[in-house]
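# Close look at the chain arrangement
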Amino acid sequence: MDIRQLERFVEVACLGSVNRAAEALSVSQPSLSRSLQMLEESLGAPLFTRGARGVELTPHGIELLPRARLILAERDRAVEAVRAGAGQGRETLHIGTDAAFAMQRLPRALAALACSHPQVQVQVREGPLGALLDALREGAVRLVFGARGPYVDLEGLAFETLAMESAGVIMRADHPLAGRAQVRLSDLIAQRWIVPDHPALVAGWREMFARADLTEPPIALRTSSLHVVKGCLLEGPFVSLGDRSSFAAEIASDQLVSLDLGLSRYERPTGLFTRPEGRLSTSEHALVAALREG
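If you're wondering where the values come from, they're calculated on a predicted model, not measured in any experiment.

To continue, consider the overall build of the protein. In terms of helices and strands, the protein carries eleven helices and twelve strands. When its C-alpha atoms are laid out on the principal axes, the protein stretches across 75 × 50 × 30 Å. Across the 294 residues that make up the protein, the buried fraction comes to 42%. Sequence-distant contacts in the protein: of pairs separated by 6 or more residues, those separated by 24 or more amount to 69%. Working note: accessible area of the protein is about 15600 Å², and carbon and sulfur atoms make up 51% of it. Looking at the protein, you have 32 positive and 35 negative side-chain charges, and the mean spots of the two groups are 2 Å apart.

As structure tokens, then:
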């Protein structure tokens, strides 16, 4: 098994077609097929099933794909690091972040990194935490910043807590409930709820009402976009669960408020996800250090 075989395997797996992969790689179809055959022979297991519609991964191929991507990503990182050290290029940091981290903690740390390591380039991927952690396992990103909820799969990963978040009920400052001296969960049943579009978070939201022996209200809006949540909260009579840091600017400007209902069970750590075997570069260490300080 060699790097070229892995590159070709990943391309075929992504495109689902030997012919299309051969065209993308600028190699002949027989040459590509032979490379796949040699890879399967070296591993002693079939990686693809072939049919009229193209190829599909076998269970062995599914097992190999994320590891192959990781090997190729680490190869690219090694080449980049050596070239940067020799003055032949720049190091690029590939990081992932959830929306809350992207809007509050990460920008300050990136500003500090720009001062301390001006030659370093940074590529930031924002999205759902589950997808970011899959990218981390496959080497597409090296660091992921976000909140560790109770349903986060940490298999093969390490987590370092940098701060604690606690959920409050977010609503417009002029919402009828915002001026009350005390608001109970039962007061929120008739409200138009925004809930993150993630099965685990929806389940947690439902459990919140079930534990209080309350009938859960209908969900008015499900979305994975913090920008959509903010926009809807600012424009309409919606309520949502969220951490104050995610809405800090809007709360400071008296547009939104966060009501504390004593939902201590919704406290969650937020911080850094890494692969334990991954060695951080000097600039990656600098970014993490800036986050620890801020």
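Attention shifts here to the pattern of salt bridges. By the definition in use, this model includes 18 salt bridges. Here Arg 75 makes a salt bridge to Asp 76, at a shortest N to O gap of 2.7 Å. Ionic contacts of the salt-bridge type, sharing partners, join the residues Glu 74, Arg 142, Arg 275, Glu 277 and Glu 284 into one network.

The residue Met 164 is located in strand β6 (residues 158–165) in this model. Met 164 sits in the exposed class, given a relative accessible area of 52%. Each C-alpha atom of the pair Met 164 and Ala 147 lies 8.6 Å from the other, and the pair is 17 residues apart in sequence. Excluding its chain neighbours within four sequence positions, the residues that come into contact with Met 164 are Glu 267, Arg 268 and Pro 269.

Another point: the side chain of Ser 281. The topology assignment puts Ser 281 in the loop between β12 (268–274) and α11 (282–293). Side chain to side chain, Ser 281 and Glu 91 meet in a polar contact 2.7 Å long. In this structure Ser 281 touches Glu 91 and Arg 142, once residues within four positions along its chain are discounted.

On to the pairing of strand β10 (residues 238–243), then. A large share of β10 lies buried, amounting to five of its six residues. Taken together, the five bridges between strand β7 (residues 167–172) and β10 define a ladder with antiparallel strand orientation. Counted as the bridge partner of Gly 168 is Gly 242 from β10. As defined by bridge partners, strand β8 (residues 192–196) adjoins β10 across three bridges and the pair is classed as parallel.

Here is what the cut-offs are and how they apply
Residues numbered from 1 in each chain as written. Predicted model: local features only at pLDDT ≥ 70, side-chain atom pairs only at ≥ 80, totals over all residues. Heavy atoms only, no water. Helix = DSSP H or I, 4+ residues; strand = E, 2+ residues; numbered from the N terminus. Buried < 20%, exposed > 50% of the residue type's maximum accessible area, 1.4 Å probe, protein only. Contact = heavy atoms within 4.5 Å. Areas by Shrake-Rupley, 256 points an atom, 1.4 Å probe, with all protein chains shown as cover. Lys, Arg positive; Asp, Glu negative; His and termini not counted. Charge placed at Lys NZ, Arg CZ, Asp CG, Glu CD. Salt bridge = Lys/Arg side-chain N within 4 Å of Asp/Glu carboxyl O. Polar contact = N/O pair within 3.5 Å; in protein donor to acceptor, adjacent residues only side chain to side chain. Pairing = 2+ DSSP bridges.

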